[in-house]
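Residue-level listing of the chains:
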Amino acid sequence: MALRHPAMDVEGWNRGNPIKKESWRTVLTLAYQSLGVVYGDLSTSPLYVYKSTFAEDIQHSESNEEIYGVLSFVFWTLTLIPLLKYVFIVLRADDNGEGGTFALYSLLCRHARVSTLPNCQLADEELSEYKKVGDKSPGSSLKSTLEKHRVLQRMLLVLALIGTCMVIGDGVLTPAISVFSAVSGLELSMSKEHHQYVEVPVACIILVFLFALQHYGTHRLGFLFAPIVIAWLACISAIGVYNIIRWNPHVYKALSPYYMYKFLKKTQRGGWMSLGGILLCITGSEAMFADLGHFSQLSIKIAFTFVVYPALILAYMGQAAYLSRHHIIENYYHIGFYVSVPEPIRWPVLALAVLAAVVGSQAIITGTFSIIKQCSALGCFPRVKIVHTSPNIHGQIYIPEINWTLMVLCLAVTIGFRNTKHISNAAGLAVITVMLVTTCLMSLVIVLCWRRNVFIALCFILFFGSIEALYFSASLIKFLDGAWVPIALSLIFLVIMHVWHYGTVKKYEFDVQNKVSINWLLSLSPNLGIVRVRGVGLIHTELVSGIPAMFSHFVTNLPAFHQVLIFLCIKSVPVPHVRPEERFLVGRIGPKGYRIYRCIARYGYRDIHKDDVEFEKDLIFSIAEFIRFDQPDCNIEDDERMTVVGTSSTNTECVKMREGDGENSSEMEETLELREIMPPEKPRKRVKFLLPESREIGTSAREEMQELMEAREAGLAFIMGHCYVRAKSGSCLIKRVVINLGYDFLRRNSRGPAYALGVPHASTLEVGMIYHV
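First, a word on what this report is: a plain description of the structure on this page. As the structure is a prediction and not an experimental result, all values here were calculated from the model.

Inspection of the entire model under this criterion finds 19 aromatic pairs. Where Trp232 meets Phe337, the ring centres are 5.7 Å apart and the plane angle is 50 degrees; that geometry is what we call tilted. You can see Trp232 sitting in helix α9 (residues 222-247) and its partner Phe337 sitting in the loop between α14 (332-335) and α15 (346-377), a full 105 residues away along the chain. Here the two residues Trp232 and Phe337 agree in accessibility, since each one is buried. Here Phe337 and Tyr338 contribute two aromatic rings whose centre-to-centre distance is 5.3 Å and whose plane-to-plane angle is 75 degrees, an arrangement assigned as edge-to-face. Here Phe337 falls in the buried class, since its relative accessible area comes to 3%. Exposure remark for Tyr338: the relative accessible area of 2% places this residue in the buried category. Every member of this aromatic cluster is reached through a ring pair, and the members are Tyr68, Tyr258, Tyr259 and Tyr261. In this structure, Arg92 packs its charged tip against the face of Trp450, placed 4.8 Å from the ring centre.

Shown next as structure tokens:
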């Protein structure tokens with residue numbers, strides 16, 4: 001398999017290329033690339049772990065029991081959580097090659113009917129990536145319980161949203177602590193009175209520079225990421241080996257779990273509280289699972305097991321060896337990492353640490369963009385502007401609103417706290433909360449998706465949940481010392497997500513309850529003053545069946561509609577990707593003579609929505625293909641009958657005509673042909689259909705396709721509703737506040753449908769309606 005770019009190729013590695021068929025060259029190349037994308041955050045944790053651990057809660061004594069105990073905790077935490085839990089267990093819970101909190105939630109939504117998306121259809125379960133289990137699986141009782149109780153389904157959604165909000169909070173805190181810890185090496189070159197006035201401005205400048213570069217996309221600098229992280233890992237492991245050999249070759253004894261017991265026995269409450277600092281050694285571990293779709297399981301496992309894990313262990317052992325011989329020197333342990341670096345190379349290491357911190361911060365920022373996109377696709381976040389920064393690497397996106405929001409919050413945290421102690425307390429709580437959510441969701445995946453015994457799931461959640469609960473309690477106890485920040489940020493984003501989701505569901509329920517029957521549409525005729533005008537009327541609706549009330553409102557006030565009507569519904573399904581050949585569901589509304597169609601375009605939560613030209617071409621093509629293959633004697637009046645039609649890009653028989661070719665061209669195949677015409681005076685492309693001279697196409701179908709072609713040539717008008725959502729009279733105060741204030745504010749400040757942004761304003765018609773939900 002050829003590599004298209006030295007940076008990560010997000011979309012192409014897993015799907016359609018099983019791991020067993022990948023060559024070792026491909027696997028090792030992916031493992032190399034993953035070092036720069038996945039492990040940047042995790043590899044910079046030695047900068048601040050010891051400094052945060054020994055901040056105030058415990059003191060380093062001459063017996064070295066504290067430093068040995070911390071090293072033992074770090075070793076076993078790295079071994080049990082990233083290595084055992086993620087590498088050997090959680091990475092296997094991929095959703096068709098995708099990972100992350102929403103991937104687990106998506107798996108559960110498909111294996112049990114717990115999805116809160118209101119427009120689900122049975123046809124969605126026929127998608128290639130939609131996998132289900134039978135009713136006789138070991139978790140059938142748990143499945144039925146979840147499906148019966150709406151409260152449990154909402155709790156599951158809230159749990160997934162909490163994990164998502166904490167990831168967003170991590171996107172604020174990780175750049176702050178990584179960059180601030182990297183520049184803390186300036187303490188060694190200036191007095192205490194001066195460095196505190198230098199560190200914060202330097203860190204803020206680097207952060208502003210980091211966020212300002214986001215719109216360029218990581219693919220432009222991606223080829224530098226892996227070498228930087230590899231150089232950083234080689235540097236800290238080499239320094240670690242040097243410190244071990246020179247200062248304390250017997251430090252390996254501290255890897256025994258006995259030192260954890262001695263540590264807690266001696267330090268007691270202070271040692272328990274210091275676990276919040278030790279926890280930071282696994283910051284970034286969740287990225288292994290969240291970025292799974294960018295690479296492959298085997299490549300991520302190889303990179304961590306054989307490169308990242310040993311390098312981190314050597315780095316922490318080296319720091320412990322140095323501190324075990326320098327505990328008497330006052331305040332050395334407060335500085336942390338840089339005191340263990342030999343003085344001649346401190347400045348080069350400082351520069352490399354800043355670069356590694358930028359790489360690690362870059363990964364978590366782009367990860368935040370991705371999870372916001374997933375939330376928006378699944379109806380849990382307002383629509384935002386999504387910019388794809390790479391034409392080849394589809395997973396690299398940029399969201400301007402989120403980027404600048406993260407920057408402001410990150411600068412506020414850096415300037416407000418001005419030290420790593422409070423920032424580390426905040427980051428630790430965000431990290432461990434995400435891991436707890438993953439553990440809870442994984443226990444359900446083990447039963448419902450893997451069909452394992454409930455006892456195995458209980459063992460999983462008890463073992464890893466108890467470890468993470470211990471760290472969670474140690475982080476939560478520092479609520480007033482910085483841990484309140486991720487909680488406050490998560491509450492804000494959780495309220496936004498819940499209000500948007502609640503308002504979206506209520507709006508859809510109103511559409512369902514007030515949709516117009518097909519009989520009303522069939523009763524419309526010229527005798528009632530209804531006329532058909534030339535062109536295609538594209539009506540946006542959230543409904544997957546029935547006619548929206550917005551259309552009746554439109555016809556009542558303007559008694560005319562186009563000769564071809566298309567009711568278009570673009571919806572997300574709980575799978576990461578929908579294959580192009582399964583993208584569209586097309587059907588008729590009413591008899592053939594009415595020329596009214598319903599088209600449902602289905603997208604996965606990681607799919608890319610095409611621009612207006614490509615989408616318009618695929619839409620018209622799918623309807624034409626539906627007409628071509630529809631049974632000639634079928635006068636459909638059943639609105640529920642739909643047919644799966646692939647897009648033009650997947651039809652291998654489709655021929656793109658050269659400009660100037662006629663209908664009698666020898667290149668004409670037994671299918672529809674598309675010609676993209678670029679008029680010199682207009683920047684927009686138009687799609688022209690040339691009907692093949694084939695006897696397989698009946699006369700009625702040929703006439704219908706000819707009318708579709710003529711209507712498209714006449715022009716396309718986009719009709720969409722402009723809704724004003726209000727709570728019903730008599731609603732409680734909370735509902736009125738949520739709907740009238742919260743949801744209305746979010747709706748007015750959210751983006752419209754992506755494909756509608758490229759439609760000229762002269763071709764767009766908005767129909768205003770008031771929704772009383």
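The next point concerns the state of the cysteines. Inspection of every chain in the model, using the stated rule, returns zero disulfides. No disulfide involves Cys449; its sulfur sits 9.9 Å from the nearest other cysteine sulfur, which is in Cys109. By relative accessible area, which is 13% here, Cys449 ends up buried.

Along the polypeptide, Val198 turns up in helix α8 (residues 192-212). Relative accessible area serves as the criterion here: at 27%, Val198 is assigned to the partly exposed category.

Right, let's get into a nonpolar patch on the surface. Together, Leu476, Phe479, Leu480 and Trp484 give the surface a local cluster of nonpolar side chains, amounting to about 410 Å² of exposed area. Position of Phe479 among the secondary structure elements: in the loop between α18 (454-476) and α19 (484-513). On the basis of relative accessibility, which here comes to 35%, the residue Phe479 falls in the partly exposed class.

It is the contact of helix α17 (residues 420-448) with α19, at a shortest axis distance of 7 Å, that shows an interaxial angle of 55 degrees. Relative to α19, α17 is oriented oblique. From α17, Ala426, Leu429 and Ala430 reach across to α19, where they touch Val485, Pro486 and Ile487. When the residues that make up the contact of α17 with α19 are grouped by side-chain class, the tally is six nonpolar, no polar and no charged.

What counts and what doesn't
Residues numbered from 1 in each chain as written. Predicted model: local features only at pLDDT ≥ 70, side-chain atom pairs only at ≥ 80, totals over all residues. Heavy atoms only, no water. Phe/Tyr/Trp six-rings, centres within 6.5 Å; stacked < 30°, edge-to-face > 60°. Helix = DSSP H or I, 4+ residues; strand = E, 2+ residues; numbered from the N terminus. Buried < 20%, exposed > 50% of the residue type's maximum accessible area, 1.4 Å probe, protein only. Lys NZ or Arg CZ within 6 Å of the ring centre and 35° of its normal. Disulfide = S-S within 2.5 Å. Patch = residues over 30% accessible without salt bridge, like charges linked within 9 Å, V, L, I, M, F, W, Y side chains within 5 Å. Areas by Shrake-Rupley, 256 points an atom, 1.4 Å probe, with all protein chains shown as cover. Salt bridge = Lys/Arg side-chain N within 4 Å of Asp/Glu carboxyl O. Axes fitted to C-alpha atoms, helices over the stretch in contact; angles between N-to-C directions. Parallel < 35°, antiparallel > 145°, perpendicular 65-115°, else oblique. Contact = heavy atoms within 4.5 Å. Nonpolar A, V, L, I, M, F, W, Y, C, P; charged D, E, K, R; others polar.

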